[in-house]
Amino acid sequence: MPTPLPGQPPLYTGALDATRQTIAAHGPLALFRGMSAPFAFVSLFNALLFATYGASQKAARALRATPPEAPLPLADHFACGFATGAVATAISAPTELLKCRLQADPAAFRGPVDVARAVLRAEGLRGLARGGAATFLREAPGSAFYFGVYNTVKGALATEGHDGVRRTSGVALLAAGGGGGGGGWG
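A. Structural detail: the packing of aromatic side chains. Applying the stated criterion across every chain, the model contains six aromatic pairs. Here F50 and F147 contribute two aromatic rings whose centre-to-centre distance is 5.7 Å and whose plane-to-plane angle is 80 degrees, an arrangement assigned as edge-to-face. A residue pair is termed long-range when its members are at least 10 positions apart, and F50 in helix α2 (residues 36–64) and F147 in helix α5 (residues 132–157) qualify at 97 residues. Among the residues examined, F147 registers a relative accessible area of 1% and is labelled buried. Taking the centre distance of 6.0 Å and the plane angle of 10 degrees together, the rings of Y146 and Y150 count as stacked. In this pair, Y146 and Y150 are both assigned in helix α5, four residues apart and thus about one turn of the helix distant. According to the relative accessible area criterion, Y146 is partly exposed, its value standing at 21%. Looking at Y150, the relative accessible area reads 19%, which means it is buried. Members of the aromatic cluster, connected to one another through ring pairs, are F50, Y53, Y146, F147 and Y150.

B. Layout of helix α1 (residues 15–26). Taking 1.5 Å of rise per residue, twelve residues should cover 16 Å, and α1 covers 16 Å from first to last C-alpha, within 8% of that figure. Of all the positions in α1, only D17, A18 and T22 are classed as buried. Along α1, the residues classed as buried sweep out an arc of 130 degrees about the axis, all on the same side. Seen from the open side of α1, the exposed residues pointing more than 90 degrees away from its buried face are L16, R20 and A24. In the stretch just after α1, G27 is the one whose phi turns positive, near 90 degrees.

C. Focus on the pattern of salt bridges. Tallied over the full model, the rule gives nine salt bridges. K99 is the salt-bridge partner of E96, the closest N and O atoms lying 3.3 Å from each other. Within this pair, E96 and its partner K99 are both found in helix α3 (residues 74–104), separated by three residues, close to a single helical turn. Judged by relative accessible area, which is 22%, E96 ranks as partly exposed. By relative accessible area, K99 is classed as buried at 17%. Each member of the salt-bridge network shares a partner with another, and the members are E96, K99, R138 and E139.

The rules behind the values
- Residues numbered from 1 in each chain as written.
- Predicted model: local features only at pLDDT ≥ 70, side-chain atom pairs only at ≥ 80, totals over all residues.
- Heavy atoms only, no water.
- Phe/Tyr/Trp six-rings, centres within 6.5 Å; stacked < 30°, edge-to-face > 60°.
- Helix = DSSP H or I, 4+ residues; strand = E, 2+ residues; numbered from the N terminus.
- Buried < 20%, exposed > 50% of the residue type's maximum accessible area, 1.4 Å probe, protein only.
- Expected span 1.5 Å × (residues − 1).
- Arc of directions from axis to C-beta.
- Salt bridge = Lys/Arg side-chain N within 4 Å of Asp/Glu carboxyl O.

This is a description of form; function is not addressed.
Have a look at this one:
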């Protein structure tokens, strides 16, 4: 919420009041202003996330001379996740910047492309990286815990088949994904 100037009352009394006033002044869609940039980039972001995680696992296996079928140590899953989050920051930092600018001053911009043009014009390419350090501090540890917890739960729920191969059911994968999500945001 905006901080009032000294001697002025706050603009909102709380989150519910801010929501009520926003809807009254700008309509219910104003609650979603700035969300088109994250929605547009979510597929690209997830593709980058999982491709980077796969490449990180290959690098970890190469460093340890571990065969592809052998499990990686838990620490490697956390390290690969951390590297994944660090790379993902390249997409998420500019996306977050556009979203935040649109939400902070909805009347000033027509949409995320307009914000991007304004940032590039005023601050250059480096302007799109503003807030990148804070985004990195969220993405890298969050991804480390996501992939670490995901692989821990997945391994714990895997069952050995008659052929000696460990398999994970769809329900177990859902549980691992939920556990990973909780670990990444918990």
